[in-house]
Amino acid sequence: MGRAPQDDGAQDAAHLPWCHAGIATLIPALPRPRLRRLFQPTAGLSMIDPALPPHMRPDKSFQGLILALHAFWADKGCVVLQPYDMEVGAGTFHPATTLRALGPLPWKAAYVQPSRRPKDGRYGKNPNRLQHYYQYQVILKPSPADLQDLYLASLSAIGIDLKLHDVRFVEDDWESPTLGAWGLGWECWCDGMEVSQFTYFQQVAGFECAPVAGELTYGLERLAMYVQGVENVYDLNFNGREGDEKVTYGDVFLQAEEEYSRHNFEHADTDMLFEQFRMAESAAAKYLEAGWEDGSKSRHLMAQPAYDQCIKASHVFNLLDARGVISVTERQSYILRVRELAKACGAAWLATAAGGTPAV
Amino acid sequence: MPDLLLELFCEEIPARMQAGAAESLRKLVTDALVERGLVYEGAKAFVTPRRLALAVHGLPAQQPDTHEERKGPRVGAPQGAIDGFLKAAGLTSIDQASIESDPKKGEFYVARLHKHGRPTPDVVAEIVPAVIRAFPWPKSMRWGKGSTSPNALRWVRPLQSILCTFGPETEEPEVVAFEVDGLRSGDTTRGHRFLSDGTIRVRRLEDWMAKLEAAFVVVDRERRKDIILNDAKDLALAQGLELVEDAGLLDEISGLVEWPVVLMGSFDPAFLDVPDEVVRATIRANQKCFVLKDPATGRLANRFILVSNLAASDGGAAIIAGNERVIRARLSDAKFFWETDKKTNASVSLEDRLAKFGNVTFHEKLGSQLERIRRIAALAKTLAPLAGADPELAEQAALYAKSDLRTEVVGEFPEVQGLMGRYYADLEKLDPAIGLAAEEHYKPQGPTDRVPTAPVSVAVALADKLDTLTGFWAIDEKPTGSKDPYALRRAALGVVRIILENGLTVKLGDFAEPDLLSFFADRLKVHLREAGARHDLVDAVFALPGQDDLLLVVKRVEALGRFLATEDGKNLLAGTKRAANILRIEEKKDGVAYAGGVDVVLLHEPEERALADSIAALGPQIEQALVREDFEAAMALIAQLRAPVDAFFEKVTVNAEDPALRVNRLRLLADIRAATRSIADFERIEG
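Residues numbered from 1 in each chain as written. Chains lettered and ligands numbered in written order. Predicted model: local features only at pLDDT ≥ 70, side-chain atom pairs only at ≥ 80, totals over all residues. Heavy atoms only, no water.

A word on the overall build of chain B
For chain B, the count of helices and strands is 24 helices and 18 strands. Taken over the C-alpha trace, chain B has a radius of gyration of 36 Å; the compact-globule value for 687 residues is 26 Å, which it surpasses by more than 25%. In terms of its C-alpha atoms, chain B occupies a principal-axis envelope of roughly 105 × 105 × 45 Å. A buried classification covers 55% of the 687 residues belonging to chain B. In chain B, the proportion of contacts linking residues at least 24 apart, taken out of those at least 6 apart, comes to 67%. As displayed, chain B has an accessible area near 29600 Å², and 51% of this comes from carbon and sulfur atoms. Charge separation in chain B, taken as the distance between the mean sites of 89 positive and 105 negative side-chain charges, equals 3 Å. (Helix = DSSP H or I, 4+ residues; strand = E, 2+ residues; numbered from the N terminus. Rg over C-alpha atoms; globule rule 2.2 N^0.38 Å. Buried < 20%, exposed > 50% of the residue type's maximum accessible area, 1.4 Å probe, protein only. Contact = heavy atoms within 4.5 Å. Areas by Shrake-Rupley, 256 points an atom, 1.4 Å probe, with all protein chains shown as cover. Lys, Arg positive; Asp, Glu negative; His and termini not counted. Charge placed at Lys NZ, Arg CZ, Asp CG, Glu CD.)

Here it is, written out as structure tokens:
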């Protein structure tokens, strides 16, 4: 198949030759590291607030985890927002990220975003996959110099002891073809599990980010499973209570997963969805056109309603994709159509006050 | 002599870029030093996930002084010329120039310029910022407040600090002071992200290495690799197991840790129902862990080796437990995929499974995967007799070979494509040749990969590659320069190797257009050259018409090589070239091409008669030998021409005064050329 040829020799460049023999004398012979040498922790590095009652602790309760992250990022100056009130595939789609990442104005926000990935539904049978889940999203513009340290401190705040757990930043270049966006960063691993994505946005909606924003996305269910020590997402303790008072993730979401899986894969009305896609696309175009203040197209008055239609189109496309009614070649063209909307919305946003064009 | 130490400390550098970056840093900085007259004794680059460093040993304290003489205009030249000279030489008055005289030119001005070399730190302070700004990262980024500027520094990830010191071993080195995008160079760095605190002040290389080692950073990549490999082997051995070595994985892991701590975890043995290759792919691709083999059975053990970046306060128990959880989840997925595929294959016919490929585009202009599979199957059937395979079986195998591409396991782990086909074919109890062909038909994947030898595998492997090549040739998507996105060179080399190593007689002209044929010829040349053959001999054979049977080409090249190593061969080559040279000149002069038509009546000298007789006698015999594909015999026959050719050139003057005689002799030379051309185009042979 069209996989690029592997250049088998490329890795060998890793061998760093001595330029001249002379330097060999420069390199002292060092003993091998003592692998069994244990590091003495200076203090407990898990920073869970000791004043919290057990049911509020981030390692005992799913909502406690969310509240701990809210408290942490609120303390760092973020506006703590509520989820966007539309169906989206990821926290990035929230206008607080997509649109606010564009333009020169500083911005710090944190929020939970319920995210829908219709294809990932497993009828509630898979312990790790959901078609509806929560992302915790943090966006900081411009990206602060100590963003990695802030992120690590947030892990401590939810109970991950950094002297006990192996946290790693592993290359992961992020790209969203539908949003016309890309950035460089990492997936953050905790003991081999990806718990977050960390991205320095370089481009959004086809525009260079100036300044660059830093985006952190925590997979809340995974993190909660990790800190609670639970193997199945439906077993997560949602409210931190025990006995009769305990509410699990399954109590809240299992039925929904079953119902939506049936809907996403078997029954979603594809004629309606195709029509909705067309409607959203044409409405977006209409609002974009009508939003320009005058013929000079220097100020836009309706960027956000237009962007809502772009979000709508993207979700409808995901549903159609899950129903398997979009062929491989069509798929690309749908993605391009959504991207065109996103780009036009980005251009409109840049011509608004929040996008950096003040009212005259 | 002083040493230079440079460390660029940044957020985590992607593992795959580290080695290349270290080499680039070394080359860019040392080249720039040498270019400025600063010759050094040695240099070594270091790289970890968070730092890129360079030590240059034995640099002079300053650039050498330079002396330059610049000749100026003659004394008394117009003022404009004198002013221009002063400006170019950097002088303020003509008194600073001396006057010299020359018997031809008379008196003229000379400026003697003495330039003091600049202190090395000043030069370094100029070089390093430029290297940083233009560093060749495969992908780089902007960050932070500064990212609004169009000239913002780009780096692989945010650059956080720069250490740069210079000085002799015996003295306190100085900081080489410079600034890049607001970052000032200094003499401090930081240790391990979690195992050390605060900044570390560093003087020079030994100091840097030792202090970082104490701060839980092994700066030398090769040493990290050694530690990982040795500790992994030790841990395996202690359990009576064997490490499944994986150089690519080792490279990657060494770029993910500054302080490698090797640990062992385990998983439920029930997961070993899944094929070993899938278990390995799961653990390797997702978790970047090594797998272990039980030497008694040769199969995988339910253990894995993970490399952590942390000497944890609990000895690694939590880290192992965490990794085991993730691996359990991943293996559950893999097992689920495997079970699903088994069920699907048992309940859905191959025909129905293949139908799904109708919706998958292979290439926009080359139709769907289904169409492609059908083409390959038809071609495999045609090729089967050439490979000694049963045509029906080859067709069936070709239809089956790609069917694993839509399975769950291959969807998740593309690297086990083909192999899964064999597992599934075996489960379906198909003819073993079908499963084998599914596994082997992608082979060979490169110059060192194994070539399939089973007849059905050979037919399918050839058909797969030929279909790809002819398809992309038909839509004019040929490789250009370094661009070969469809790996067509590899496919063509695969065809060449399959044919040669299996000794197949395939007339490629039946399948490939002339341009593609010459692409095969190029691949063959590269292949033979790597095997030690002379490319000019390959050219000499390919210059003959109808050379599309690679096996015969190679046999002929080999026979030719042996012949040319003999005295007869060398001399005949020289004689033939001489004949061809004369012909080239005379044909140009006369405006005709000579071929045949020697008039025996005009053959006056005994040597030319002998030559003509030899050619006439040998010609048909050589032809017969060639028809029999007996190249040794053909060479032995052509060798008999050597003596008459030598004698001819010794005694006979080609450009005789009698025009009729001259033309006749040129025709005789043309006969020599023609006779040797039945063997190879001697004019293309070097020497």
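And the narrative resumes.
Observations concerning the overall build of chain A
Counting its secondary structure elements, chain A contains 8 helices and 9 strands. Counting across all 360 residues of chain A, residues that qualify as buried make up 50%. Look at the contacts in chain A between residues 6 or more apart in sequence, and 67% of them connect residues 24 or more apart.

Observations regarding the sheet that holds strand S5 (residues 98–102) of chain B
Residue and element names in this part refer to chain B. In spatial order, the strands read S4-S6-S5; together these 3 strands make up an open sheet with antiparallel pairing. Taken across any chain shown, the strands that pair with only one partner, and hence form the sheet edges, are strand S4 (66–74) and S5. In this sheet, adjacent strand axes meet at a mean angle of 35° when their direction is disregarded. As paired strands, S4 and strand S6 (residues 106–115) are joined by 7 bridges and run antiparallel to one another. Considered in S6, the bridge of Glu68 is made with Leu113. (Pairing = 2+ DSSP bridges. Axes fitted to C-alpha atoms, helices over the stretch in contact; angles between N-to-C directions.)

Examining the sheet that holds strand S15 (residues 290–293) of chain B
Residue and element names in this part refer to chain B. Strands sit in the order S13-S15-S16-S14 across an open sheet of 4 strands; the sheet is antiparallel. In this open sheet, the two edge strands, each paired with only one partner strand, are strand S13 (242–243) and strand S14 (261–266). Sheet analysis places S13 next to S15, joined by 2 bridges and oriented antiparallel. Of the residues in S15, the one forming a bridge with Leu243 is Leu292. Sheet strands touched by helix H5 (residues 221–238): S13, S14, S15 and strand S16 (300–308). Its angle to S14, the strand with the most contacts, is close to 35°. Helix H7 (residues 276–287) contacts S15 and S16 of the sheet and is inclined by roughly 15° relative to S16.

Here we look at the pairing of S14(B)
Residues and elements named next belong to chain B. The buried count for S14 comes to 5 of 6 residues, which makes it a mostly enclosed element. Across 6 bridges, S14 lies against S16 in antiparallel orientation. Looking across to S16, one finds that Gly265 is bridged to Phe304.

A look at the domain arrangement of chain A
All names here are of chain A. Examined at the domain level, chain A breaks down into domain 1 (54–265) and domain 2 (269–350). Of note, the centres of domain 1 and domain 2, computed from C-alpha atoms alone, are 25 Å apart. Contact residues are listed per partner, giving 24 residues for domain 1 and 23 residues for domain 2. For the pair domain 1 and domain 2, the summed buried area comes to about 2200 Å², and 70% of that belongs to carbon and sulfur atoms. At the surface where domain 1 touches domain 2, the tally comes to 1 salt bridge. Note that Asp321 is salt-bridged to Lys119, the shortest N-O span being 3.3 Å. The interface formed by domain 1 and domain 2 holds 9 residue pairs in polar contact (both at pLDDT 80 or more) in total. Where the side of domain 1 that touches domain 2 is concerned, the elements lending two or more residues are helix H2 (95–98) and helix H5 (249–267). In the side of domain 1 that touches domain 2, the residues fall into 13 nonpolar, 7 polar and 4 charged. (Domains from an automatic or database assignment. Buried area = accessible area lost by both parts, 1.4 Å probe. Salt bridge = Lys/Arg side-chain N within 4 Å of Asp/Glu carboxyl O. Polar contact = N/O pair within 3.5 Å; in protein donor to acceptor, adjacent residues only side chain to side chain. Nonpolar A, V, L, I, M, F, W, Y, C, P; charged D, E, K, R; others polar.)

Focus on the environment of B:Ala111
Residue and element names in this part refer to chain B. As for its position among the elements, Ala111 is in strand S6. Residue Ala111 is classed as buried on the basis of its relative accessible area, which comes to 0%. Separated by 383 residues in the primary sequence, Ala111 and Gly494 place their C-alpha atoms 66 Å from one another. In this structure Ala111 touches Glu68, Glu69, Arg70, Phe85, Ala89 and Leu91, once residues within four positions along its chain are discounted.

What to know about the nonpolar core
In a soluble, globular protein the nonpolar side chains are often hidden away together inside. Grouped together as the largest cluster of nonpolar side chains are 241 residues, with contacts concentrated most on A:Trp73 and B:Trp155. Beyond its immediate chain neighbours, meaning those up to four positions away, A:Trp73 contacts A:Cys78, A:Ala110, A:Tyr136, A:Val138, A:Leu140, A:Leu150, A:Tyr151, A:Ser154, A:Leu216 and A:Tyr218. Among the nonpolar cores identified, the runner-up in size contains 45 residues, and A:Tyr84, A:Val88, A:Ile311 and A:Ala348 belong to it. (Core = buried A, V, L, I, M, F, W, Y, C linked by side-chain atoms within 4.5 Å.)

Quick notes on the pattern of salt bridges
It is possible for side chains of opposite charge to pair when their charged atoms get near one another. All names here are of chain B. Applying the stated criterion across every chain, the model contains 78 salt bridges over all chains. Residues Asp246 and Arg284 are paired through a salt bridge, measuring 2.6 Å at the closest nitrogen-oxygen approach. With Asp246 in the loop between S13 and helix H6 (247–254) and Arg284 in helix H7, this pair connects stretches of sequence that are 38 residues apart. A cluster of three or more residues bridged by salt bridges with shared partners is formed by Glu172, Asp187, Arg201 and Arg203.

With respect to helix H24 (residues 659–677) of chain B
Residues and elements named next belong to chain B. For H24, spanning 19 residues, the distance from its first C-alpha to its last is 27 Å, which sits close to the expected 27 Å at 1.5 Å a residue. Along H24, the positions that sit buried rather than exposed are Leu661, Arg662, Asn664, Arg665, Leu666, Leu668, Leu669, Ala670, Ile672, Arg673, Ala675 and Thr676. Next to the buried residues of H24 lie helix H20 (567–590), helix H21 (606–627), helix H22 (631–639) and helix H23 (642–651). N-capping of H24 is provided by Asp658, with a side-chain oxygen placed 3.0 Å from the backbone N of Ala660. (Expected span 1.5 Å × (residues − 1).)

Brief notes about the packing of aromatic side chains
Using the criterion set out here, one finds 33 aromatic pairs over all chains in the structure. Plain terms: the ring middles of A:Phe62 and A:Tyr134 are 6.0 Å apart, the flat faces sit at 25° to each other, and that makes the pair stacked. Here A:Phe62, found in helix H1 (residues 62–75), pairs with A:Tyr134, found in strand S3 (residues 132–141); they are 72 residues apart in sequence, far enough to count as distant. Owing to a relative accessible area of 0%, A:Phe62 belongs among the buried residues under this scheme. Given a relative accessible area of 16%, A:Tyr134 falls into the buried group. Pairing B:Trp473 with B:Phe519 gives two aromatic rings, centres 4.6 Å apart and planes at 50°, and the pair type is tilted. Of this pair, B:Trp473 sits in helix H15 (residues 455–474) while B:Phe519 sits in helix H17 (residues 514–530); the two residues are 46 residues apart in sequence, bridging distant segments of the chain. Take B:Trp473 and B:Phe519: they sit in the same class, and that class is buried. Geometry around A:Trp107 places A:Arg100 over its ring, the cationic atom sitting 4.2 Å from the centre. (Phe/Tyr/Trp six-rings, centres within 6.5 Å; stacked < 30°, edge-to-face > 60°. Lys NZ or Arg CZ within 6 Å of the ring centre and 35° of its normal.)

Some details on helix H10 (residues 369–387) of chain B
Residues and elements named next belong to chain B. Across its 19 residues, H10 extends 25 Å between first and last C-alpha, which sits within 8% of the 27 Å expected from 1.5 Å per residue. In the structure, H10 departs most strongly from a straight axis at Lys381, where the bend amounts to approximately 30° and where the proline Pro385 lies between one and four residues downstream. Taken residue by residue, H10 has Gln369, Leu370, Arg372, Ile373, Ile376, Ala377, Leu379, Ala380, Leu383, Ala384 and Ala387 as its buried positions. Here the buried face of H10 lies against helix H9 (350–355), strand S17 (361–363), strand S18 (367–368), helix H11 (391–401) and H15. Of the residues flanking the start of H10, the one acting as N-cap is Ser368, its side-chain oxygen 3.3 Å from the backbone nitrogen of Leu370. Just beyond H10, the residue with positive phi is Gly388, at close to 75°. (Bend = angle between axes of the 7 residues up to and from the residue.)

Notes on the packing of helix H1 (residues 15–35) of chain B against helix H3 (residues 120–133) of chain B
Residue and element names in this part refer to chain B. The N-to-C vectors of H1 and H3 enclose an angle of 145°; their axes lie 10 Å apart at closest approach. With respect to the hand of their crossing, H1 and H3 are arranged in right-handed fashion. Residue-level contacts link Leu25, Leu28, Val29, Ala32 and Leu33 of H1 to Val124, Ile127 and Val131 of H3. Taken together, the residues of the contact of H1 with H3 break down into 8 nonpolar, no polar and no charged. (Left-handed = near helix turned anticlockwise from the far one by under 90°.)

Points about the side chain of B:Glu7
Residue and element names in this part refer to chain B. Relative to the assigned elements, Glu7 resides in strand S1 (residues 3–10). When its relative accessible area of 1% is taken as the criterion, Glu7 is described as buried. Within polar-contact distance, the side chain of Glu7 engages the side chain of Arg51 at 3.1 Å.

Things to note about unusual backbone geometry
Following A:Ala210, the chain continues to A:Pro211 via a peptide bond in cis, the omega torsion being 5°. Note the cis peptide between B:Lys443 and B:Pro444, where omega equals -5°. Within the element layout of this structure, B:Pro444 appears in the loop between helix H14 (432–440) and H15. Here the phi dihedral of B:Lys288 falls at roughly 55°; this positive angle occurs in a residue that is not glycine. Along the chain, B:Lys288 falls in the loop between H7 and S15.

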